[in-house]
Every structure is written in structure tokens, then in C-alpha cells.
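# Fold and contact review
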Amino acid sequence: MKSTLILTVAALGFVACSPSGPPQTNQSQTGTATPPIERMALDTYSDGQKQVLEAFGWTFDPTKISTAPLKEGFAVIFGEGGNILVSVGDDGVLLVDDQMPEMHEALLAEIRKLGGKKVDKVVNTHWHFDHAEGNRAFGELGAEIIAQKNSTEYMKSAHDINLVQIVYPQQAYPEAAIPTLSFKDAYEFNMNGNDIALYNFGPAHTTGDAIVHFKTTNIVHMGDVGNFSGMVFIDAGNGGSIDGAIKTIRKTLELIDDQTVVVPGHGPIKDKAALTAYVTSLETVRARIAEQMTKGLNLEEIQALNLAEEFFGSNGPLLIDRAYTSLN
Ligand SMILES: [Zn+2]
């Protein structure tokens, strides 16, 4: 089964990639539009999804995890999947995103090194597998899970995620992995001495994004609305919007200052200046695409212009494809 899948991926003519992986696509070398991809029909997490992840190049190797300490009681865990922000303190352990269930033992080992014992609370920045699939483990182990209400709804059933070069068949989450607390526009709570605010400013990377602002400590986790890996993805197939992503980042910039630690969904930790530069690049690419659409160019013709290469290199076509789709 595994070899069949990988062969299928190879046969489709692209190099496997993931929302968190390093830039690996060769698509922009030609600047041509990607042909429609067959959906991989897989029914269960255990039988199919893991093998798709292997096709992404993920191995669930614990040694791939690394932890960067932030301010007192805070750290970011990097690995296969979205960046995890950890808060450890008197009230317990809070995770913002939880990667993949296969890694939960390795994640717990990192959390213990930070002084935590177990995961008490998880905030999902959105419902995508590489950020929230770890709910399968930590929900089962008793963590309270919080998400924006649209993400909670998305987790209850299966959804294809069109990553342009591959369609990822995300499965429904089991009951223990579904958030027990959902919010619409905003939700605030206090944990470990921190006032923490969750915000949704409408559709952006998905329709259910949560911007997580640790107001007391001055840290913000952007989820995939802020992606510093270079591989920027808007889930236009599930209601995501380039305009909404820009709006969400602009709203967030109003909340933070020059000292704020900005944790992206993927990529390195940066600051407000970097987030400002990032949104400016999105606005520039968006304007370039819209200009060509006004002239009547189709997606393939727009891709040939390499409008995003200046900012996103070989990953430009992914952003253009999804931005174009969300504008269309
Ligand atoms: Zn995502």
C-alpha cells in the first residue's frame, strides 16, 4: 500500500511536499499550471492517512523535534507539522497546536523537560491535520481542547484539503479529539498567570482560524495565517481567502507591538516587523493577480508571469493558485 501510494505521487509528476516541509516543488521551474490531481481515496486514518504522510516525507522520527525556549515558562516545539507554543506553569500545560498523534510521546518528553507533567489544555489554531491531529492523542489523555467554532465543525467530518500538488483526505476526528469549547469571534481566559485572547476575524487561511494572543507575556501564535516557511497556503477549497488572510494579519498588527514574539504556523519565530513585511508581500501578490484577472488572464497565464517568485521563490505558484481561486 505504501509503495503504491508513493508511486502514485511520483506518477503525478511532482515532488511530495507538506504544509510544513521545506520548499521541494519543481513546479515553478516551468511556471505552468498544475493539472488536476486525482484524489487519493482513503477511508481511515490508520490504514491510509499515515501512508499519505509518509508520501509527504514525514517519518515521525522523535529526533526531528527541537525546542526553542522563549520567555520564562514558554517554548516553541518544532517538528513535523505546525509549530507548537507551550506554556508551563502553576495551572498546568497549555499547547497551541499539537502536531501529530504519532509524536505525542516525544512531545510529552519535551514538555517534561520544560517542567510540565501532562497536557491540560490545547488551543487549535485551525482544523488542519498538521496542527490539530495530535488532538487524537491529547484529547484521549484528557486535555481540554479549544477551537474556533468553524474548525470544530470541520473536525467532525472528512474534508479534502487541496494542496494543489496533492489533495489530502483529512478524516473526521474521533469524539475525544473534537474541541469541547468553541468560540465565534473572540474568547479570553487566564492560565499560568497569562491573559490569553483568541480571535477570529473571518475566513483567512481557513474559515476557522484562531489568532492566539498571550497578552501578558506579549507572544502571538498566528497559526497558518502567518507562515514564515516560504510555503504559503490558503485553503481556498474550504473557504479560505487571501483577502481574509490579509485582513486578519492587519487586525493582528493592531494588537501587537515591536516587542511581540510572533510564532508562525510554520517557519522561524519572528517579530512584528517580519509580520508586516509578510502581509505587505501578500498584498503585493494579491494586487498583481487581481490586475491580471482584470485583463482577462486565466490561472495558467497568470502562473507564467511568476508574480510571487520575488517573495516566495519556488513556492510562488502554490500561493498564486490558491489566491486566484479565492479571488475568483
Ligand atoms: Zn493549515
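Throughout what follows, the structure given in this document is the object of discussion. Please read all numbers here as calculations on a predicted model, not as lab measurements.

### Topic: the coordination of the zinc ion
Only His126 (NE2), His128 (ND1), His205 (NE2) and Asp224 (OD) from the protein reach the zinc ion as donors, at distances of 2.2 to 2.3 Å. One can describe the site at the zinc ion as irregular: its 4 donor atoms subtend angles covering 89 to 168° at the metal. If you list the donors of the zinc ion from N- to C-terminus, the spacing comes out as H-x1-H-x76-H-x18-D. Remark: Asp224 occurs in the loop between β13 (219-221) and α7 (242-255) and His205 occurs in the loop between β11 (194-199) and β12 (211-214); sequence separation between them is 19 residues.

### Some points on the packing of α7 against helix α8 (residues 272-294)
Remark: α7 packs on α8, axes separated minimally by 10 Å, with the N-to-C direction vectors making an angle of 155°. The pairing of α7 with α8 is recorded here as roughly antiparallel in orientation. The crossing of α7 and α8 is left-handed. Touching Ile242, Asp243, Ile246, Ile249, Arg250, Thr252 and Leu253 of α7 are Lys272, Leu275, Thr276, Tyr278, Val279, Thr280, Leu282, Glu283 and Arg286, all from α8.

### Here's the deal with the pattern of salt bridges
The final tally for this structure, using the stated rule, is 13 salt bridges. Across the pair Asp185 and Lys184 runs a salt bridge, and its minimum N-O distance is 3.5 Å. Notably, a salt bridge pairs Lys215 with Glu188, separated by 3.0 Å at the nearest N-O pair. Taken as a pair, Lys215 in the loop between β12 and β13 and Glu188 in strand β10 (residues 186-191) lie far apart in primary sequence, 27 residues in all. Assessed through its relative accessible area of 47%, Glu188 is described here as partly exposed.

### Notes on the sheet that holds strand β6 (residues 144-148)
If you walk across this open sheet you meet the 7 strands as β1-β2-β3-β4-β5-β6-β9, and the pairing is mixed. Every other strand in the sheet has two partners, leaving β1 (66-69) and β9 (181-183) as the edge strands with one partner each. Averaged over all pairs of adjacent strands, the angle between strand axes in this sheet comes to 20°, irrespective of strand direction. Sheet analysis places β6 next to β9, joined by 3 bridges and oriented parallel.

### Observations concerning the packing of aromatic side chains
For the structure on display, the rule yields 10 aromatic pairs. Relative to Tyr168, the ring of Phe129 has its centre 3.7 Å away and its plane inclined at 15°; by these criteria the two rings are stacked. With Phe129 in helix α4 (residues 129-132) and Tyr168 in strand β8 (residues 167-170), the pair connects residues that are 39 residues apart, well separated along the chain. Note on Phe129: relative accessible area 1%, which makes it buried. Ring centres 5.5 Å apart and planes at 80° place the aromatic pair Phe228 and Tyr278 in the edge-to-face group. In this pair, Phe228 sits in the loop between β13 and α7 while Tyr278 sits in helix α8, placing the two residues 50 residues apart along the sequence. This pair shows no difference in class: Phe228 is buried, exactly as Tyr278 is. Feature note: the residues Trp58, Phe60, Phe129 and Tyr168 constitute an aromatic cluster, connected by ring pairs. Against the face of Tyr173 rests Arg136, its NZ or CZ located 5.7 Å from the ring centre.

Reading the values: the criteria
- Residues numbered from 1 in each chain as written.
- Predicted model: local features only at pLDDT ≥ 70, side-chain atom pairs only at ≥ 80, totals over all residues.
- Heavy atoms only, no water.
- Donors = N, O, S within 2.8 Å, 3.2 Å for Na, K, Ca; no water.
- Tetrahedral: all angles 85-135°; square planar, octahedral: opposite > 155°, others 65-115°.
- Helix = DSSP H or I, 4+ residues; strand = E, 2+ residues; numbered from the N terminus.
- Axes fitted to C-alpha atoms, helices over the stretch in contact; angles between N-to-C directions.
- Parallel < 35°, antiparallel > 145°, perpendicular 65-115°, else oblique.
- Left-handed = near helix turned anticlockwise from the far one by under 90°.
- Contact = heavy atoms within 4.5 Å.
- Salt bridge = Lys/Arg side-chain N within 4 Å of Asp/Glu carboxyl O.
- Buried < 20%, exposed > 50% of the residue type's maximum accessible area, 1.4 Å probe, protein only.
- Pairing = 2+ DSSP bridges.
- Phe/Tyr/Trp six-rings, centres within 6.5 Å; stacked < 30°, edge-to-face > 60°.
- Lys NZ or Arg CZ within 6 Å of the ring centre and 35° of its normal.

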